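Geometric and topological summary
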Amino acid sequence: MSSLDDQYNNFLEELEQKPDVRKLQAQLASKKTAAPSSSLDADPMADILQMAEEDNRISRMRRNPVALTATRGDGLGLEEMETDVAGDGPLTELNPNDLKRRVLVMKSGEADIVLEPEKALVYTCFNTTYDRAALNRADVWHQIMVHHDGKFKKDEILEGFFTLISTEDFYPVAYRQHTNIDFFLVRLCSKALVKLFDKNLKLAMAGSQDPVKLTVKLNAAKFAQGQIHPPTKLFAAVAERSENAVMYGFSNLLNLDNFRKHSEFEELCVFLGNRAHLELVCSSINRLEEVRTKVNAIKLTNNSIAHISPLVAIKDLPIQTLDLKFNRIKHPASLRPLKGCGINELYIEGNGIVDVPGYVDVLKEYFPNVLKIDSTFLGSLARKQTQVSAPARIGGDDEVEVTSAGEIYSCVNGIVEDANTFKKFKFNTKWHMVVVVHDGRYDKGEVLDALATMLDGFDFYPCYYKTYSKQDEFFVINCYEALAHLVQAKLALRMKNTNELISVVLKMNVADFKEGQVVVEEKLNNCLVDRFNDRCLDLCSLQQHLDKIKFVDFTARSTRTLSRILSIAGKKFGPVCLVIRLRNNGLKNLQALSALFGFPKLMSLDLRYNELSTFDDLQGVMKNKIKELFLDNNPVCNAAASTIDYIRHVRNHFSSIERLDGMPLLESGNVNFAQNYICTPEAYKFTESFVKHYYTIYDSFQRSSLRDLYHAKAQFSMTCNFGQSKTMDSHQVRLNAYQGKSRNLLKIANVDRIISSLVVGNERIANVLVSFPKTEHDFYSFRVDTPIFRPECVVITVHGAFKEMANSLLSDDFVLGFTRTFYIQPCAKGLGIFERAIEFKIFNDVFHMYTLSTYGRDQVFKHHDEPEQSDPFVPHSEERENTIIVFQELTRLTRKWCMRCLEESSWNLKVALNIFLKLYEEDRIPESGFDSATAAAAAASTQTQKR
């Protein structure tokens with residue numbers, strides 16, 4: 001901190017102890033100099049007096065705003081000032097040139113800050129020659145405006161700032177959001193501001209080629225007594241986590257997980273990826289005496305930490321466990337500053353460091369006392385538990401032989417005796433016995449379900465489960481955290497259906513681990529056998545497979561179990577896996593999917609038929625590039641008021657998705673859907689049955705059978721308006737075939753042709769329909785209206801799109817839009833047991849065709865209907881989608897051309913690759929057929945894989 005700031009803080013302490021503040025002000029006023037306040041040589045005491053007076057004025061304004069309006073000397077009343085509270089009401093648009101004063105009300109309780117735009121020095125990307133003296137002032141706030149135009153959110157903007165300013169002091173305060181501009185205040189951060197000016201006040205944003213423009217207003221507000229002070233806030237937050245350690249996990253754990261979300265930081269933006277922020281946190285930890293005496297574990301997960309050097313400040317503390325999971329540590333060498341630290345446990349999952357070959361050996365060199373790295377035990381006995389046995393011993397099922405009565409922990413009169421001594425089992429690698437006393441009221445399934453609910457976030461795998469009349473027993477190993485949680489809960493297990501608490505007894509150290517006994521890692525590894533095929537990891541209905549595993553009871557919906565399975569799968573299949581299916585697993589949240597960082601190329605995620613209830617349940621998936629997501633048949637699908645809200649909420653967690661629940665999303669982010677109109681609920685079933693039946697037959701080779709749907713005296717007319725082309729290409733020839741049958745009364749002058757073009761009779765109608773080319777209708781493009789549904793007649797209008805099937809691989813499909821209106825009447829009733837059945841016939845059919853716009857053509861046929869089950873060689877829609885994803889990854893073709901090659905090969909991937917190579921070598925694929933400019937590289941890669 002600067003010397004000026006030290007003088008200011010010392011003065012404030014002295015000022016608070018004086019009874020006569022005005023007398024003190026008069027004594028110090030004599031020290032004022034004639035130097036301007038913007039000069040670096042100005043007397044700091046003069047500015048301090050001015051700050052104190054400003055603070056008094058603001059305090060008076062809050063206490064008696066009416067009096068302030070009447071007495072202010074500058075003529076600016078309260079009615080000309082704006083009050084701004086963070087998150088208060090809907091977002092509004094901000095005028096960056098507004099000169100009105102604004103009071104920023106601090107929700108965290110500090111003194112408010114008054115913005116005075118008329119006194120600020122304004123700089124933009126067109127004016128970056130700044131006043132160095134103004135930049136270095138310690139008695140003012142500087143305002144930074146971010147012109148995002150609604151393209152970026154707060155977290156993305158702050159990520160951009162801290163990516164650029166990763167080491168310097170930079171503490172955004174009073175962050176305010178608007179529809180077009182966000183702004184915040186900073187102070188005592190001249191180096192960071194110089195960096196922004198060096199970048200011409202333009203901020204690079206991740207995933208965007210265009211930088212965001214900034215406006216910097218120096219001296220935008222005066223710093224006054226009682227306003228927010230970042231170092232003090234950070235210390236208070238660390239102290240709160242230390243004092244309330246039990247609330248955040250365990251009394252010996254300082255839990256700083258996702259620290260930027262702390263309630264103390266309502267008006268302060270904290271980012272531990274910034275070295276200065278992390279230095280302050282580590283300094284605060286070192287200052288707390290309670291940490292030195294009680295804490296032996298520190299959790300710094302989910303904090304974007306990349307710089308480890310600040311942790312040297314806590315190197316000498318008695319820390320046994322250091323948790324750095326899900327940060328941005330890229331290489332083992334980054335941990336060298338902590339070399340020699342006496343930690344026993346180190347957690348680094350979710351960092352780039354785990355992808356470095358041999359990283360465990362490097363870390364063992366840095367930390368000679370370490371016994372556990374993530375889920376890997378490094379002790380002599382522990383290595384036996386985690387090592388891969390010989391092939392004959394995979395899935396070893398030798399029984400555990402109890403060799404000792406062990407140390408017993410039970411709850412008597414609400415007290416667990418010797419609970420404080422339980423910490424000694426933290427690095428224990430022996431078998432422990434768990435006894436659940438249920439008095440015969442609960443079975444094994446109910447007990448396991450209650451344990452899974454209570455210990456969802458811990459590694460806990462019951463082995464060798466035995467059921468008795470009054471109690472159940474099983475063994476566990478390497479699960480100290482779960483057992484400690486049970487002890488903390490007074491060894492009481494709450495049953496799900498009855499809400500009753502039943503007692504649990506722990507018998508610690510009853511047997512040593514021996515080779516040939518159950519190895520949990522191997523059991524989980526075995527459950528992945530035959531689960532990976534064609535770059536798809538299929539984990540649907542995982543519980544059914546886990547139930548077949550002997551001697552270990554796994555729960556698929558357990559966060560830790562699923563996370564561990566995904567971590568194992570990531571090491572085996574992650575670099576090549578494109579699709580993951582997790583249907584029918586009872587998932588209630590996605591915390592386990594934090595392990596998806598091991599799947600860098602993942603494009604499709606299937607979460608159907610689970611128990612995801614709210615959009616908050618979708619949290620847990622790290623930054624991803626997933627383009628296709630399936631959530632249907634989860635309660636969360638009904639959690640939004642509209643389709644647009646549903647998509648918006650999902651995009652908050654999966655920002656890159658292009659397809660949701662099988663439907664393509666438009667560039668605007670919304671799904672392309674059509675609204676139907678059905679006049680009465682009774683018409684739904686009739687309308688759906690008719691439309692599906694009619695167009696299924698129309699698209700089949702049995703189109704002639706449609707004659708049975710028309711009345712003998714039915715009428716049919718067809719109109720089209722395609723426009724004329726000067727060139728007679730294949731498209732125009734096909735259009736002319738329709739033009740010859742068009743009955744457009746505005747363009748037909750011949751009365752005889754008007755009469756003859758009206759087709760009458762079901763036989764003639766069938767002949768006309770059969771003469772049309774083979775088609776395929778896009779049912780997802782349909783908009784169906786049923787304005788009339790009466791006993792005597794029904795009117796159904798269908799709007800949509802269809803395509804004429806291409807004659808060859810190189811021919812283009814021909815897509816047209818249509819509107820068709822059917823007038824339907826009852827014509828007969830059934831007899832006998834079918835007397836309530838009514839036969840309907842089409843009496844009038846009006847058919848209009850038109851050319852779709854380019855946008856319309858792009859939006860149709862992006863879905864995939866289930867293929868006919870009668871064809872054993874055509875895969876189901878899910879397999880087809882997986883094949884398309886793999887084929888597109890190999891060839892870089894557009895989806896349209898991928899479909900062509902695969903359909904031509906009857907969905908045989910190898911044959912389709914040969915077709916692609918042949919077309920590519922003959923230069924018969926247009927540039928528009930490729931998804932990117934990497935076509936040549938893709939073709940070369942495909943040739944290599946083919947060989």
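Residues numbered from 1 in each chain as written. Predicted model: local features only at pLDDT ≥ 70, side-chain atom pairs only at ≥ 80, totals over all residues. Heavy atoms only, no water.

We now examine the overall build of the protein. Across its full length, the protein carries 27 helices and 38 strands. Sorting the 947 residues of the protein into buried and exposed places 49% on the buried side. The contacts of the protein with a sequence gap of at least 6 include a subset with a gap of at least 24, amounting to 69%. For the protein, the accessible surface area stands at approximately 46,600 Å², while carbon and sulfur atoms represent 50% of it. (Helix = DSSP H or I, 4+ residues; strand = E, 2+ residues; numbered from the N terminus. Buried < 20%, exposed > 50% of the residue type's maximum accessible area, 1.4 Å probe, protein only. Contact = heavy atoms within 4.5 Å. Areas by Shrake-Rupley, 256 points an atom, 1.4 Å probe, with all protein chains shown as cover.)

Right, let's get into the pairing of strand β7 (residues 181–186). β7 sits mainly inside the fold: six of its six residues count as buried. Residues I181, F183 and L185 of β7 are buried on one face, and the alternating residues D182, F184 and V186, pointing to the opposite face, are buried as well. Of the pairings in the sheet, the one linking strand β5 (residues 140–147) to β7 comprises six bridges and is antiparallel in character. Within β7, the residue paired with V146 across the bridge is D182. (Pairing = 2+ DSSP bridges.)

This part covers helix α13 (residues 444–454). Every buried residue belonging to α13 is among V447, L448, A450, L451 and A452, and all of these are buried. On the buried face of α13, the contacting elements are β19 (431–437), β20 (463–467), β21 (471–476) and β22 (492–494). N-cap assignment for α13: the residue whose side-chain oxygen lies 3.3 Å from the backbone N of G445 is D443. (Polar contact = N/O pair within 3.5 Å; in protein donor to acceptor, adjacent residues only side chain to side chain.)

Turning next to the sheet that holds strand β30 (residues 663–664). One open sheet holds the seven strands; their spatial order is β24-β25-β26-β27-β28-β29-β30, and the pairing between them is mixed. The outermost strands of the open sheet, each flanked by one partner alone, are β24 (532–533) and β30. Sheet topology note: the strand β27 (residues 604–606)/strand β28 (residues 628–630) ladder contains three bridges and is parallel. Bridged to D606 within β28 is F630.

All right, on to helix α22 (residues 762–771) then. Among all positions in α22, only N762, I765, A766, V768 and L769 are buried. An end-on view of α22 places all buried positions within 160° of arc, on one side of the element. Against the buried residues of α22 lie α19 (683–698), β32 (710–721), β33 (759–760) and β37 (814–829). (Arc of directions from axis to C-beta.)

Within the open sheet, the six strands sit side by side as β10-β11-β12-β13-β14-β15. Their pairing is mixed. In this open sheet, the two edge strands, each paired with only one partner strand, are β10 (253–255) and β15 (376–377). Summarising the sheet, strand β11 (residues 297–299) and strand β12 (residues 321–323) pair through three bridges and their orientation is parallel. In the strand pairing of β12, A297 is matched with T321.

Structurally, the position occupied by N762 is in helix α22. Residue contacts for N762: discarding those within four places in its chain leaves R707, Y710, H711 and A712.

Right, let's talk about the pattern of salt bridges for a bit. Inspection of every chain in the model, using the stated rule, returns 35 salt bridges. For R557, the salt bridge identified is with D449, shortest N-O distance 2.2 Å. Here R557 is found in the loop between α16 (542–546) and α17 (559–573), whereas its partner D449 is found in helix α13, with 108 residues between them in sequence. By relative accessible area, R557 is classed as partly exposed at 23%. Counted as one network, the salt bridges with shared partners bring together R101, E116, E118 and K119. (Salt bridge = Lys/Arg side-chain N within 4 Å of Asp/Glu carboxyl O.)

When you line up the elements, Y175 lands in strand β6 (residues 173–176). Residue Y175 is classed as buried on the basis of its relative accessible area, which comes to 6%. C-alpha separation for the pair Y175 and C269, spaced 94 residues apart in sequence, amounts to 7.7 Å.

Its identity is not glycine, yet S304 carries a phi of approximately 60°, on the positive side. Position of S304 among the secondary structure elements: in the loop between β11 and β12. Residue classification places S304 among the buried residues on the basis of a relative accessible area of 12%. A positive phi is found at D418, a non-glycine position, where the angle reads about 60°.

What follows concerns the nonpolar core. Counting residues in hydrophobic clusters, the biggest one holds 63 residues, and the most contacted among them are I285, L346, L363 and F367. Ranked by residue count, the leading element in this core is helix α9 (residues 275–287), at five residues. Grouped together as the second largest cluster of nonpolar side chains are 62 residues, I477, V518, L546 and L629 included. (Core = buried A, V, L, I, M, F, W, Y, C linked by side-chain atoms within 4.5 Å.)

The next subject is the pairing of strand β23 (residues 501–511). Where burial is concerned, most of β23 is hidden: eight out of the 11 residues are buried. Where strand β16 (residues 407–409) meets β23, three bridges bridge the pair, whose relative direction is antiparallel. Along β23, the bridge assignment pairs E407 with M508. Where β22 and β23 come together, three bridges link them in antiparallel fashion. Bridge pairing links A492 to S503 in β23. Where β22 folds back on β23, the antiparallel hairpin that results is connected by six residues, among which N499 adopts a positive phi of roughly 65°.

Their axes nearest at 8 Å, the elements helix α25 (residues 895–904) and helix α26 (residues 909–921) cross at an angle of 120°. Classified by the angle between their axes, α25 and α26 sit oblique to one another. Taken as a pair, α25 and α26 cross one another with a handedness that is right-handed. Contact residues: α25 offers W897, C901, L902 and E904, while α26 offers L909, A912, I915 and L919. Each residue belonging to the contact of α25 with α26 can be placed in one class, and the counts come to seven nonpolar, no polar and one charged. (Axes fitted to C-alpha atoms, helices over the stretch in contact; angles between N-to-C directions. Parallel < 35°, antiparallel > 145°, perpendicular 65-115°, else oblique. Left-handed = near helix turned anticlockwise from the far one by under 90°. Nonpolar A, V, L, I, M, F, W, Y, C, P; charged D, E, K, R; others polar.)

The subject of this paragraph is the environment of V759. Its location among the elements puts V759 in strand β33. Here V759 falls in the buried class, since its relative accessible area comes to 8%. Separated by 18 residues in sequence, V759 and K741 have C-alpha atoms that sit 9.8 Å apart. Setting aside residues no more than four positions away along its own chain, V759 makes contact with A714, Q715, F716, R764, I765 and V768.

Once that is clear, we can look at the packing of helix α8 (residues 230–243) against α9. Orientation of α8 relative to α9, taken along the N-to-C sense of each, is 50°, at an axis distance of 9 Å. One way to sum up the angle between α8 and α9 is to call them oblique. Crossing of α8 against α9: the hand is right-handed. Counted together, P231, L234, F235 and V238 of α8 and H277, L280, V281, S284, I285 and R287 of α9 form the full contact between these two elements. When its residues are assigned to classes, the contact of α8 with α9 shows seven nonpolar, two polar and one charged.

Once that is clear, we can look at the packing of aromatic side chains. Scanning the entire structure with this criterion turns up 43 aromatic pairs. Linked through ring pairs, F690, Y694, Y695, Y698, Y710, F779, F782, F802, F818, F822 and F847 together constitute an aromatic cluster. The lysine or arginine in question, R287, covers the ring of F235, its NZ or CZ lying 4.1 Å from the ring centre. The ring of F630 is capped by R608, whose NZ or CZ atom sits 4.3 Å from the centre of that ring. (Phe/Tyr/Trp six-rings, centres within 6.5 Å; stacked < 30°, edge-to-face > 60°. Lys NZ or Arg CZ within 6 Å of the ring centre and 35° of its normal.)

Predicted confidence across the protein gives a mean pLDDT of 81, with 80% of residues reaching 70 or more. By mean pLDDT, the top-scoring element of the protein is β5 (97), and the lowest-scoring one is helix α4 (residues 65–71) (34). Here residues 380–395 is modelled with pLDDT under 50, and outside its nearest four sequence neighbours on either side it reaches 28 contacts, counting other chains as well. Taken as a whole, residues 933–947 scores under 50 in pLDDT and shows 21 contacts with residues more than four places along the chain or in a different chain. (pLDDT = per-residue confidence, 0-100.)

Bringing the state of the cysteines into the picture now. Throughout the structure, instances matching the rule amount to zero disulfides. Considering cysteine sulfurs only, C463 is the nearest to C479, which forms no disulfide, with 8.6 Å between them. Residue class for C479 comes out buried when judged on its relative accessible area of 3%. Here C898 is not disulfide-linked; the sulfur of C901 is the nearest cysteine sulfur, at 7.0 Å. According to the relative accessible area criterion, C898 is buried, its value standing at 0%. (Disulfide = S-S within 2.5 Å.)

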